[in-house]
Amino acid sequence: MERRRSGMAAVACGLGLALTTVAAAPGAGAADPGSLPYSGATSVGVHNAYEKSRYTYFADALDSGASLLELDVWTNFSGRGWRVAHDNPLGNDNNCENASSAAELRSKPRNQSLAGCLADLRAWHDAHPGHRPILLKIEMKDGFAANLGRGPAQFDALVSAGLGDALYRPGELAAGYATLDEAVRQRGWPSRDALAGKFLIHLIPGTVEESNPFDPLWTDREYAAHLRDLAAAGNLARAAAFPAVHRAGAGDPRTSRYSDPSLRPWFVVFDGDASAYVSGGIDTSWYAARNYLLVMTDAHAVAPAISATRPTEREALDRVALLAAERASFVTSDWSALPSVLATVVPRG
């Protein structure tokens, strides 16, 4: 689609009128959301879905219809284990329960570790066979801590133990190809129907990590190197997550971000501010043409800004339409009060 700013409002309006129909009519032929490649759809996610102010329980977030849910994870400082919290590096502050079955959801104490959140995911998954594919976005607030036993390999082991066959892995996407980049550019992603009943995970560097002058090895580089090395050893099947290029950038942002070219083919997920993609002169057709996933955050802040928490349904749907036209794969904000919007899935572009 040619990028014409003057016509964008009309495009958004037209798409916005069709949003509910497309999302609610899974038998509509080419418009069937399930028939779309995973990279060929635009869907909606919730920022910091683990926070109790968003949802009383993480199970509520899973029931919301959202296609992306975000967790913040801490590994360093003086805390122990993998903690899930927004601004507490020492302990857990979240809506996860560590449920062992669906019967325990919404009945146990909250403020659990990452393992507890994974347990809730698995319990919910077992009670909802064939559920929509859900992308779990994990912000590693202060990065990995391999020296404390919380590095990429330990992350893979923890996630694998918690989710098992409910997880769609990098090794499955790369099967038959040398790298993730080669796989998505030549074969593409499976359809949403083929990914039904699966969770996917992508990782971004955290705010603390990115502002730490003593940490030169951020999550994105560390996990991409982990994938590269696993693949070289024939062990890519062990990997649990997809690293993401964090923050918007023009052209191929991997070229300027990663001086080591061996890391670049392991990035097929890109995650950045929606306003930067829409107003920053970035050609988002580059992502769509290569079947890359593009996560656009803070969707509400794109001009003209709308509420981050409680826009009208029409405002939110129009914003999803606008960003679908801008080739977002996922549109995220804090719209937990709008489940009809969260369940929206439309063709990308």
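What you are looking at is a predicted structure, and each value in this text was computed from that prediction instead of being measured.

Before going further, it helps to spend a moment on the environment of Ala119. Topologically, Ala119 is positioned in helix α3 (residues 114-127). On the basis of relative accessibility, which here comes to 16%, the residue Ala119 falls in the buried class. In sequence terms Ala119 and Gly162 are 43 residues apart; their C-alpha atoms lie 5.8 Å from each other. If near-sequence neighbours (up to four positions away) are discounted, Ala119 is found in contact with Asn98 and Ala99.

Applying the stated criterion across every chain yields a total of 18 salt bridges. Between Arg228 and Asp260 there is a salt bridge whose closest N-O contact spans 3.2 Å. With a gap of 32 residues between them, Arg228 in helix α8 (residues 219-232) and Asp260 in the loop between α9 (253-257) and β7 (269-273) connect regions that are remote in the sequence. Judged by relative accessible area, which is 32%, Asp260 ranks as partly exposed.

What follows covers the packing of α3 against helix α4 (residues 152-163). Across the interface, α3 lies against α4 with an axial gap of 8 Å and an inter-helix angle of 30°. The handedness of the crossing between α3 and α4 comes out as right-handed. In this structure, α3 contributes Leu114, Ala115, Leu118, Leu121 and Arg122 to the contact, and α4 contributes Phe155, Leu158, Val159, Gly162 and Leu163. In the contact of α3 with α4, the residues fall into eight nonpolar, one polar and one charged.

Moving on, we get to the state of the cysteines. Defined simply, a disulfide is a covalent bond joining two cysteines at their sulfur atoms. Under the criterion given, the structure shown has one disulfide. The residue that forms a disulfide with Cys96 is Cys117, at a sulfur-sulfur distance of 2.0 Å. An S-S torsion of about 100° defines the bridge between Cys96 and Cys117 as right-handed. With Cys96 in the loop between β3 (83-84) and α3 and Cys117 in helix α3, the pair connects residues that are 21 residues apart, well separated along the chain. Here Cys96 and Cys117 have matching classes, each one buried.

By size, the foremost hydrophobic cluster in this structure holds 94 residues, and its most contacted members are Phe58, Leu69, Phe155, Trp189, Ile201, Leu323 and Trp335. Ranked by residues supplied to this core, first place goes to α3 with six residues. Excluding anything up to four places from it in sequence, Leu323 contacts Ala274, Val278, Met296, Ala299, Val302, Ala328 and Val331.

Take the environment of Asp32 next. Along the chain, the position of Asp32 falls in the loop between α1 (8-24) and β1 (41-46). A relative accessible area of 15% places Asp32 in the buried class. When the C-alpha positions of Asp32 and Glu326 are compared, they lie 20 Å apart, and in sequence the two are 294 residues distant.

Centre distance and the angle of the planes are the two values used to describe a pair of aromatic rings. Taken as a whole and assessed by the stated rule, the structure comprises 16 aromatic pairs. Ring centres 5.8 Å apart and planes at 65° place the aromatic pair Tyr38 and Phe330 in the edge-to-face group. On the criterion of sequence distance, the pair formed by Tyr38 in the loop between α1 and β1 and Phe330 in strand β9 (residues 330-333) is long-range, its members being 292 residues apart. The residues Tyr38 and Phe330 share a single accessibility class, namely buried. Relative to Tyr292, the ring of Phe270 lies with its centre 5.2 Å away and its plane at 40°, an arrangement referred to as tilted.

Moving on, we get to α4. The end-to-end C-alpha distance of α4 is 16 Å, a good match for the 16 Å that 12 residues give at a rise of 1.5 Å each. Of all the positions in α4, only Pro152, Phe155, Asp156, Val159 and Leu163 are classed as buried. Angularly, the buried residues of α4 cover 100° about the axis, an arc narrow enough to put them on a single face. The inward-facing, buried residues of α4 abut α3, β4 (134-140), β5 (199-205) and α8. Two residues or fewer after α4 comes Gly164, characterised by a positive phi angle close to 55°.

Of the residues in the protein chain, 91% have a pLDDT of 70 or more, and the chain-wide mean is 92. Summarising per-element confidence for the protein chain, the mean pLDDT is lowest in α1 (38) and highest in β5 (99). In this model, residues 1-30 is a region of pLDDT below 50 whose contacts with residues beyond four sequence positions or in other chains number 49 contacts.

About the cut-offs
Residues numbered from 1 in each chain as written. Predicted model: local features only at pLDDT ≥ 70, side-chain atom pairs only at ≥ 80, totals over all residues. Heavy atoms only, no water. Helix = DSSP H or I, 4+ residues; strand = E, 2+ residues; numbered from the N terminus. Buried < 20%, exposed > 50% of the residue type's maximum accessible area, 1.4 Å probe, protein only. Contact = heavy atoms within 4.5 Å. Salt bridge = Lys/Arg side-chain N within 4 Å of Asp/Glu carboxyl O. Axes fitted to C-alpha atoms, helices over the stretch in contact; angles between N-to-C directions. Left-handed = near helix turned anticlockwise from the far one by under 90°. Nonpolar A, V, L, I, M, F, W, Y, C, P; charged D, E, K, R; others polar. Disulfide = S-S within 2.5 Å. Core = buried A, V, L, I, M, F, W, Y, C linked by side-chain atoms within 4.5 Å. Phe/Tyr/Trp six-rings, centres within 6.5 Å; stacked < 30°, edge-to-face > 60°. Expected span 1.5 Å × (residues − 1). Arc of directions from axis to C-beta. pLDDT = per-residue confidence, 0-100.

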